Amino acid sequence: MDLNSASTVVLQVLTQATSQDTAVLKPAEEQLKQWETQPGFYSVLLNIFTNHTLDVNVRWLAVLYFKNGIDRYWRRVAPHALSEEEKTTLRAGLITNFNEPVNQLASGIYSFACSLWNHHTDTFLRQVCTGDEAAATNSLERTLLSLKVLRKLTVHGFVEPHWNVEVMGFLHAVFERLKQFLECSRTVRAENVCRDRLEKTIILFTKVLLDFLDQHPFSFIPLIQKSLEFAVTYVFTEAGEGIVFERFIVQCMNLIKMIVKNYAYKPSKNIEDSSPETLEAHKIKTAFFTYPTLMEICRRLVTHYFLLTKEELAMWEEDPEGFTVEETGGDSWKYSLRPCTEVLFIDIFHEYNQTLTPVLLEMVHNLQGSTNIEDTGAILIKDAVYNAVGLAAYELFDSVDFDQWFKNQLLAELQVSHNRYKPIRRRVIWLIGQWISVKFKSDLRPMLYEAIRNLLQDQDLVVRIETARTLKLTVDDFEFRSDQFLPFLESMFTLLFQLLQEVNQCDTKMHVLHVLSCVIERVNMQIRPYVGCLVQYLPLLWKQSEEHNMLRCAILTTLIHLVQGLGADSKNLYPFLLPIIQLSTDVSQPPHVYLLEDGLELWLVTLENSPCLTPELLRIFQNMSSLLELSSENLKNCFKIINAYIFLSSSEFLQTYAAGLCRSFCELLKDITTEGQVQVLKVVENVLKVNPVLGPQMFQQLLPSVLRGIIDGERYPVVMSTYLGIMGRVLLQNASFFSLLLSQVACELGQEMDQILGNMIEMWVDRMDNITQPERRKLSALALLSLLPSLNSVIQDKFCGIINVSVEGLHDIMTEDPETGTYKDCMLMFHFEEPKVTEDEEPPTEQDKRKKLLALKDPVHTVSLQQFIYEKLKAQQELLGEQGFQALMETVDTEIVAQLQEFLQGF
């Protein structure tokens, strides 16, 4: 039957067959029956029902004839069987047409896909039995392809798949087919070309179940029992011996884990709040996970799957660094057997800890005392049991007296130095690391540090690397006390540095660097005598790691802590340090993608700890304009860096970069968040604080918008507060520039200067509540008072508001001396004092000291607001005379006047 010429004829007959008129219907049905055995007929039907523009009834009828014909004529042995050529056409056509908009037509595609899969599966199994390898391989490919199609249809093709009989029938059939394929794997040799495809098909079966469980947990409930029985039988009993392979075991364990952990199967604390489906699932789980089953799973996980394999032991000897990297697992738990078994153990132990705790404790009890070094099997069993105790640390908190166990058993095991005992030394120090934040008495730490120091000199590299990991966990713990650690600091640091030099792999070097960084961070300045060797080695390591950006990130982190520990002495690192900062923060260099975040952090701490600004340090700032253009999440650190330069050497820095910085800021303010605006404005505020004379001129382009923002009544309180902080600095510390600014804005707005001034004061007084920082509130009072004495009618008109702000400021900052009954300004600072730092506190940075010295020049900290008010009022009184001044004071609320007089007693 020719596809093109026949389509029109078949379509016409199908249309007649949907008629309600029996005179039209009967002949059409007869014609269709005659075509059932015609070659090409089913290709024509496929062409019709995949045409979504045709009438749905016609397409539905085409699907029915198609399905019935496939059932009858697909098999080779059937009378009038379809040709292999037409079968190929039908397969290709169906696989490319899964966008069917009508559900009833799609439940037909599914039926066909199922029959196709069953046919190819049966064919493959029959051919394997007869030893027809070539034909079996061909059939297996088709089985795999049809199974892939069914997987997608089953998982993504139905909203409520549990209502579909064919879907659930297919899923139940998966278990039987899996058993058949696993049994089949006994007969297929490992070197057979079919073996790889067979294992892929078996894995695909498990993926169908895992995906369905993930997407449709409630629809999966009828499959829970069968899934658990299947997985546990093959993975935790003898039934799987000689059949299962690693990837299949992983998939089965993931299936168990997903059922155990699934939140859809966990009832609420109030049972009545749980859905019937959840209760049903929980009931099935409870009935399955009996004590004997859980005990067998636990014992087999520990004594079978946790055991170090011959391959792992060989790798330990031949490639110790590779072994330690493999052991950490990372994100590979889904695909690698050891991490997967450990995750399953943790999940099952957490879910059923009351049942399993006595089982594990009995296993520990049977291993008391040191183990015979000649008995390798016993050593590996102990390693596995200790592994389980470490993984279940949080669950065993109330059941294990770890401190006693550490003193009476574990410490002694760490002292067995024989080479064959190294798995136990390595496992015990790992175990201690797992328990350190769970339950470990602080008084025992010196004993632990002694043990760690000894193990960092162990003959085995794996033991030393594991010991370094535990050291990091120990110093990182919130109960760490530097006084306990300091006696061991020099020797520990030396041994860690030797380990860093000895290891070769990037991952291991990164790990050791992180340990060193952590130690430096925790002991801070006390590290200074011991870092010489590391400082000399890091440039070489940086050069060697050119192709390894993650290792370079670890070096940057180490340098951050090193600079913090060295303080001002970090200046000696500049020949090495500054080129690294330059490279890491240059967005034109490809490595910046990896290094930028840590590079900015290093740049900042370098500035904060720098005793002075060097030409090289100043030159790096050329990178900043491009960084500001990025407007990324690193913007906050960029502003911190700019502020650090301002505090370090404002004149030199601003003369070089102020113009470019002002342009960048003006661009940023056009399109930035409110938080970003505040960061920009704080930089300007700091510039004015540090350099009140030149600062306003350098940011002259930006300041008019600040004044306009105040007059317009900026609606975001935090922005308004910062505007007022900036204007307070200009008004108080550079009155001549303020006049120029007032004139410029008046000209821009076409208003009189006095009008602008009056509007500014009125809005300032009105929005004082936007200002929450005491320093800015005092600054506002000082700034507005600086307008006095004055004959200006606008200022006199706003006199009441100025006094109100001043009295508010006094309430904020004045404290009463209980002995004398007088008030004093608590914000005044008269001399610089080195703060006393306790052992656990970080010492002040050079920037902290610079800020303290700057405060000694700041009017907020050097001018008494109390005295300033008195002097300004006295000057205003002298200017106006007694009568004029009294008239002005009468504009102020009597209660405010009374409070003012109380504060000014003694003047």
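See the structure shown above.
Predicted, not measured: the structure shown is a model, and the values here were computed from it. (Residues numbered from 1 in each chain as written. Predicted model: local features only at pLDDT ≥ 70, side-chain atom pairs only at ≥ 80, totals over all residues. Heavy atoms only, no water.)

### A closer look at the overall build of the protein chain
What counts here: Runs of E in the DSSP output that reach at least two residues are strands. Runs of H or I that reach at least four are helices, and both are numbered from the N terminus. Note on method: radius of gyration uses C-alpha positions; expected globular size equals 2.2 Å times residues raised to 0.38. Only protein chains enter the calculation, and the probe is 1.4 Å; a residue is then buried if its accessible area is under 20% of its type maximum, exposed if over 50%, and partly exposed in between. Computed with a 1.4 Å probe, the accessible areas rest on the Shrake-Rupley method; for each residue, only the protein chains presented here act as cover. We score Asp and Glu as negative and Lys and Arg as positive, and we do not count His or the chain ends. Every charge is mapped to an atom, namely NZ of Lys, CZ of Arg, CG of Asp or CD of Glu.
What the protein chain contains, in helices and strands, is 44 helices and 2 strands. For 907 residues, the compact-globule estimate of 2.2 N^0.38 gives 29 Å, and the C-alpha radius of gyration of the protein chain, at 40 Å, exceeds that figure by more than 25%. Projected onto the principal axes, the alpha-carbon positions of the protein chain cover approximately 125 × 90 × 60 Å. Sorting the 907 residues of the protein chain into buried and exposed places 53% on the buried side. When the accessible surface of the protein chain is summed, it comes to about 41,500 Å², and 50% of that surface belongs to carbon and sulfur atoms. Once the 80 positive and 115 negative side-chain charges of the protein chain are each reduced to a mean point, those two points are 6 Å apart.

### Brief notes about the environment of Tyr-65
Note the cut-off: A contact between two residues is defined here by any heavy atoms of the two lying within 4.5 Å.
Within the secondary structure, Tyr-65 is located in helix H4 (residues 56–73). Note on Tyr-65: relative accessible area 18%, which makes it buried. Measuring from C-alpha to C-alpha, the distance between Tyr-65 and Tyr-42 comes to 8.3 Å, with 23 residues separating the pair along the chain. The contacts of Tyr-65, once residues within four sequence positions are left out, are Glu-29, Leu-32, Glu-36, Tyr-42 and Leu-45.

### Notes on the packing of helix H10 (residues 221–236) against helix H13 (residues 291–305)
Stated precisely, the cut-off is as follows: A fitted line through C-alpha atoms serves as each axis, taken over the contacting stretch for helices, and the angle formed by two N-to-C directions is quoted from 0 to 180°. Handedness of a crossing follows from how the near helix is turned relative to the far one, being left-handed for an anticlockwise turn of less than a right angle and right-handed for a clockwise one. Under the scheme applied, nonpolar residues are Ala, Val, Leu, Ile, Met, Phe, Trp, Tyr, Cys and Pro; charged residues are Asp, Glu, Lys and Arg; polar residues are all the others, including Gly.
Running from amino to carboxyl end, H10 crosses H13 at an angle of 35°, the nearest separation of the two axes being 11 Å. Note on packing geometry: the crossing formed by H10 with H13 is left-handed. Contact residues: H10 offers Val-232, Val-235 and Phe-236, while H13 offers Glu-296, Ile-297, Arg-300, Leu-301 and Tyr-305. Here the residues of the contact of H10 with H13 sort into 6 nonpolar, no polar and 2 charged.

### A short note on the side chain of Gln-847
Relative to the assigned elements, Gln-847 resides in helix H41 (residues 846–855). Excluding residues within four positions of it along the chain, Gln-847 makes contact with Glu-608, Ala-644 and Phe-647.

### Here we look at the state of the cysteines
The cut-off we apply is this: Note on terminology: pairs of cysteine sulfur atoms within 2.5 Å are recorded as disulfides.
Under the defined criterion, the tally for this structure stands at 0 disulfides. The thiol of Cys-184 is not disulfide-bonded; the next cysteine sulfur, from Cys-129, is found 7.0 Å away. In this model Cys-662 remains outside any disulfide bridge; the closest cysteine sulfur is found in Cys-666, 4.4 Å from its own.

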